[in-house]
Amino acid sequence: MADPQLTSDAPADGMRNEVYDEDGFVAQPFRETVEAAIEAENADFLQKEIGHLHESELGDLLEALDDAERQSLVRLMGDQFDYTALTEVDEAIRMSIVDAMPNEQIAEAVRELDSDDAVYILEDLDEADRKDILERLPFRERIRLRRSLDYPEESAGRRMQTEFVAVPPYWTVGQTIDYMREDEDLPESFAQIFVIDPAFKLLGAVDLDRILRAKRPEKIEDIMHETRYAIPAEMDQEEAAQIIEQYDLLSAAVVDESERLVGVLTIDDVLDILQQEADEDIKRLGGVGDEEISDTVFTAARSRFSWLLINLVTAIFASLVIGLFDATIEQMVALAVLMPIVASMGGNAGTQTMTVTVRALASRDIDLYNAGRVIRRETLIGLLNGVLFAVIIGLVAAFWFDNRGLGEVIAIAMIVNMLAAALAGILIPLVLDRFGVDPAIASGTFVTTVTDVVGFFSFLGLAAFWFGIG
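Residues numbered from 1 in each chain as written. Predicted model: local features only at pLDDT ≥ 70, side-chain atom pairs only at ≥ 80, totals over all residues. Heavy atoms only, no water.

Operational definition: UniProt positions are given in the numbering used here, feature names are shortened, and annotations may be inferred rather than shown by experiment.
Per an unreviewed UniProt entry, the protein goes by Magnesium transporter MgtE and derives from Aurantimonas endophytica. What the UniProt record of the protein gives under Sequence similarities (unreviewed entry) is the line "Belongs to the SLC41A transporter family." Per UniProt, the comment on the protein under Subunit (unreviewed entry) is "Homodimer."

Structural data, given as structure tokens:
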């Protein structure tokens with residue numbers, strides 16, 4: 001630990017260290033210096049040396065500290081704390097910080113944020129606290145934030161930024177430039193100017209580079225282009241992000257049901273959305289829901305319990321299949337040694353196919369027209385791998401137990417289960433998606449059940465038939 005007796009006049013040698021180490025983690029000397037300043041209640045030092053950090057760097061620092069240190073850091077930083085950093089940490093850390101702040105302080109922080117960042121913080125608060133905070137904001141800001149919060153969770157309306165530049169079509173380029181120079185309420189950065197009619201209905205857009213190249217007397221309506229990819233505010237955020245990604249847009253207008261301009265989605269919003277959706281898919285495939293690494297032991301255990309319970313039920317079902325062949329196993333102990341191999345290989349193969357399929361569904365690479373081709377492809381992959389591993393395990397089993405027939409049985413069972421794994425890995429996610437069930441959540445349990453049941457039944461059933469036992 002660095003010297004805790006830091007003063008505001010002390011040299012900032014510790015703080016000159018890189019924020020990150022060579023592995024990309026918050027550097028230990030940097031963290032220890034911050035912890036020492038927090039322990040010494042050295043607000044001047046922290047404000048001077050941390051105030052310059054980028055919001056993402058500050059977010060990483062918050063995650064590296066413990067809960068008490070985070071709250072102390074926010075308190076000591078005062079007005080110098082960049083509350084945008086709260087959008088860079090997971091929900092558990094964000095809520096632990098916000099819950100320790102009085103509503104009037106949160107309201108002051110929200111006023112300094114872009115609307116999309118403010119909504120990101122407000123949407124997780126209790127309804128009573130959210131209402132109290134909104135009442136403390138100026139009328140214009142309050143209305144804009146309430147409108148965003150009224151849209152469904154994970155919709156484009158929730159993620160949009162309500163600060164944008166919009167002008168009428170009859171303005172000249174010169175008027176527009178003067179407006180951008182003089183108005184103090186414009187967003188800090190933007191790539192497009194939107195064109196609207198008196199009812200705020202979206203007519204088109206003009207890129208900033210087009211404005212710079214045009215003569216001042218030219219009318220906006222003469223240089224604008226139609227906004228071909230306006231995003232409905234009710235649209236799911238992932239679908240909206242895919243549209244922006246597909247057409248390589250830097251920003252896209254968000255419109256309500258009357259096609260009135262209500263906000264804009266920018267490329268940084270899209271990156272956040274895509275990362276969030278990818279994280280959700282990975283977690284759901286593992287059956288851990290919305291769990292964060294900073295969650296408490298009880299919260300994490302509760303999040304995992306339901307899917308572990310479902311897995312227990314399916315495991316019992318697979319065990320019942322084994323129980324059907326208990327007499328067969330008693331007469332040939334080698335079957336008990338070998339049968340987990342068939343089920344395990346099928347489970348891994350099914351998980352591979354399922355992962356590829358779920359990701360393809362999320363990115364819309366599979367649709368009604370190419371599903372048949374993809375199913376044939378995965379079936380052939382399963383058959384090819386099944387044959388290859390059948391030869392390997394068949395030879396191993398035959399030499400291991402000096403029994404050619406046993407090698408042939410496990411080889412055939414391996415082919416059958418690898419085929420079943422391939423089909424289950426692609427068909428189960430497709431069917432779940434067709435019926436509106438998130439395939440990332442439910443596919444894993446069903447695929448594992450299929451491969452276990454088919455693997456045990458095919459191997460033990462074939463052995464009973466082949467050797468006439470049971």
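Back to the text.
**Topic: the overall build of the protein**
Note the cut-off: By definition, any uninterrupted DSSP run of H or I lasting at least four residues is a helix, any uninterrupted run of E lasting at least two residues is a strand, and each is numbered from the N terminus. Every radius of gyration here is taken over C-alpha atoms, with the globule rule written as 2.2 Å times N^0.38, N being the number of residues. Two residues form a contact once any of their heavy atoms are found within 4.5 Å.
For the protein, the count of helices and strands is 21 helices and 6 strands. Whereas a compact globule of 470 residues would reach a radius of gyration of roughly 23 Å, the protein reaches 30 Å, over 25% beyond that. Dimensions of the protein, computed from C-alpha atoms along their principal axes, come out at roughly 90 × 65 × 40 Å. Within the protein, counting contacts between residues at least 6 apart in sequence, those at least 24 apart form 67% of the total.

**Considering the domain arrangement of the protein**
Applicable threshold: In this document the domain limits rely on a domain assignment from an automatic tool or a database. Once two parts are brought into contact, the accessible area they lose, counted with a 1.4 Å probe and summed over both, makes up the buried area.
Assigned domains of the protein: these are domain 1 (16-153), domain 2 (166-283) and domain 3 (297-467). For domain 2 and domain 3, the distance between their C-alpha centres works out to 49 Å. Taken together, the 4 residues of domain 2 in the interface contact 5 residues of domain 3. Summing both partners gives a buried area of about 420 Å² for domain 2 against domain 3, and 34% of it is carried by carbon and sulfur. Three residues stand out in domain 2 for area buried against domain 3, namely Glu-239, Gln-242 and Asp-281, and they jointly supply 81% of the buried area on that side.

**Let's talk about the UniProt feature "domain: CBS" (unreviewed entry) in the protein**
Mapped onto the present numbering, the UniProt feature "domain: CBS" (unreviewed entry) falls on residues 160-223 and 224-280. Helix makes up 31% of residues 160-223 and strand 20%, whereas the separation of the span's terminal C-alpha atoms amounts to 26 Å. Within residues 224-280, the helical portion is 42% and the strand portion 23%, while the C-alpha atoms at the span's ends are 39 Å from each other.

**Some details on the side chain of Ser-251**
Operational definition: A 1.4 Å probe rolled over the protein chains alone gives each residue an accessible area, and that area as a share of the maximum for its type sets the label: buried under 20%, exposed over 50%, partly exposed in between. Two N or O atoms count as a polar contact when they lie within 3.5 Å, although within protein this holds only if one can serve as hydrogen donor and the other as acceptor, and sequence-adjacent residues are included solely when both atoms are side-chain atoms.
The residue Ser-251 is located in strand S5 (residues 251-255) in this model. Residue Ser-251 is classed as buried on the basis of its relative accessible area of 9%. Of the polar contacts made by the side chain of Ser-251, one reaches the side chain of Gln-192; its length is 3.2 Å. Excluding residues that lie within four positions of it along the chain, Ser-251 makes contacts with Gln-192, Val-264, Leu-265 and Thr-266.

**Describing a negative patch on the surface**
Note the cut-off: The patches described consist of residues with a relative accessible area above 30% and no salt bridge, like charges being joined within 9 Å and nonpolar side chains (Val, Leu, Ile, Met, Phe, Trp, Tyr) within 5 Å. Using a 1.4 Å probe, accessible areas were evaluated by the Shrake-Rupley method; residue-level cover was limited to the displayed protein chains. We count a salt bridge whenever a side-chain nitrogen from Lys or Arg sits within 4 Å of a carboxyl oxygen from Asp or Glu. His residues and chain termini do not enter the charge count, which takes Lys and Arg as positive and Asp and Glu as negative. By convention, charge coordinates are those of NZ in Lys, CZ in Arg, CG in Asp, or CD in Glu.
The grouping of Glu-63, Glu-88, Asp-114, Glu-188, Asp-268 and Asp-272 at the surface amounts to a negative patch. Of note, Asp-272 is situated in helix H15 (residues 267-285). Asp-272 sits in the partly exposed class, given a relative accessible area of 47%.

**Some thoughts on the sheet that holds S5**
Put simply, the rule is: Any two strands with at least two DSSP bridges between them are considered paired.
Sheet architecture is open: 3 strands sit in the order S4-S5-S6, paired in mixed fashion. Each of the sheet's edge strands pairs with one partner strand only, and the pair in question is strand S4 (231-232) and strand S6 (261-266). Taken together, the 5 bridges between S5 and S6 define a ladder with antiparallel strand orientation. Bridging from a neighbouring strand, Ala-253 pairs with Val-264 of S6.

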